[in-house]
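For reference, the chains in residue letters:
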Amino acid sequence: MQQYRQHDFAYTDRLFSKGIGSEDFFRSIEKELPPVVSRAELSRITGGLISVKTLSNEDALQKGPRERVRAGSKVGYSKASAMAYLRKKLQLL
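Analysis parameters
Residues numbered from 1 in each chain as written. Predicted model: local features only at pLDDT ≥ 70, side-chain atom pairs only at ≥ 80, totals over all residues. Heavy atoms only, no water. pLDDT = per-residue confidence, 0-100. Helix = DSSP H or I, 4+ residues; strand = E, 2+ residues; numbered from the N terminus. Buried < 20%, exposed > 50% of the residue type's maximum accessible area, 1.4 Å probe, protein only. Arc of directions from axis to C-beta. Salt bridge = Lys/Arg side-chain N within 4 Å of Asp/Glu carboxyl O. Pairing = 2+ DSSP bridges. Axes fitted to C-alpha atoms, helices over the stretch in contact; angles between N-to-C directions. Contact = heavy atoms within 4.5 Å.

**Regarding the confidence of the model for the protein**
Summary statistics for the protein give a mean pLDDT of 81 and a share of 75% for residues scoring 70 or more. Between the elements of the protein, mean pLDDT differs from a low of 56, seen in helix H1 (residues 9-17), to a high of 95, seen in helix H4 (residues 52-60).

**What to know about helix H2 (residues 23-32)**
Side chains three or four residues apart in an α-helix point the same way, a direct result of the helix having 3.6 residues per turn. Buried within H2 are the following residues: Phe-25, Phe-26, Ser-28, Ile-29 and Glu-32. The buried residues of H2 occupy one face: seen down the axis, they fall within an arc of 155°.

**Things to note about unusual backbone geometry**
Of note in the backbone geometry, Gln-62 takes a positive phi value of approximately 60° without being a glycine. A relative accessible area of 49% means that Gln-62 is categorised as partly exposed.

**Considering the pattern of salt bridges**
If you walk through the whole model with that rule in mind, you get six salt bridges. Across the salt bridge formed by Arg-44 and Glu-41, the nearest N and O atoms sit 2.7 Å from each other. Of this pair, Arg-44 and Glu-41 both sit in helix H3 (residues 39-45), three residues apart, which is roughly one turn of that helix. A single network of salt bridges, built from pairs that share partners, joins Arg-39, Asp-59 and Arg-68.

**Observations concerning the sheet that holds strand E1 (residues 36-38)**
Within the open sheet, the three strands sit side by side as E1-E3-E2. Their pairing is antiparallel. Edge positions in the open sheet fall to E1 and strand E2 (68-71), since each of these has one partner strand only. Strand-to-strand, the axes of this sheet are offset by a mean angle of 35°, without reference to chain direction. Relative to strand E3 (residues 74-78), E2 is paired through four bridges, and the arrangement is antiparallel. For Ala-71, the partnering residue across the bridge sits in E3 and is Lys-74. In this fold helix H5 (residues 79-89) packs onto E1 and E3, with an angle of close to 85° to the strand it touches most, E3.

Given below as structure tokens:
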């Protein structure tokens, strides 16, 4: 399984070549995600478009990913819930 890195330009180029917002784009992301995704990881895979603070705020408003898990002070989401959230949140202008 490929690990996301902040400056993995080759991976980013492959995602963009699939067309942002397309089903291929989302499938590429989903294929690489672990079963549980942290807020920080979700922010990183969106290139910072969705911040950790935004995720926290939307969780408080019941607008974030539905299935959450807490480990100490960290919050994560199920892969399916994170992908549903991204599909709803990311749109090509």
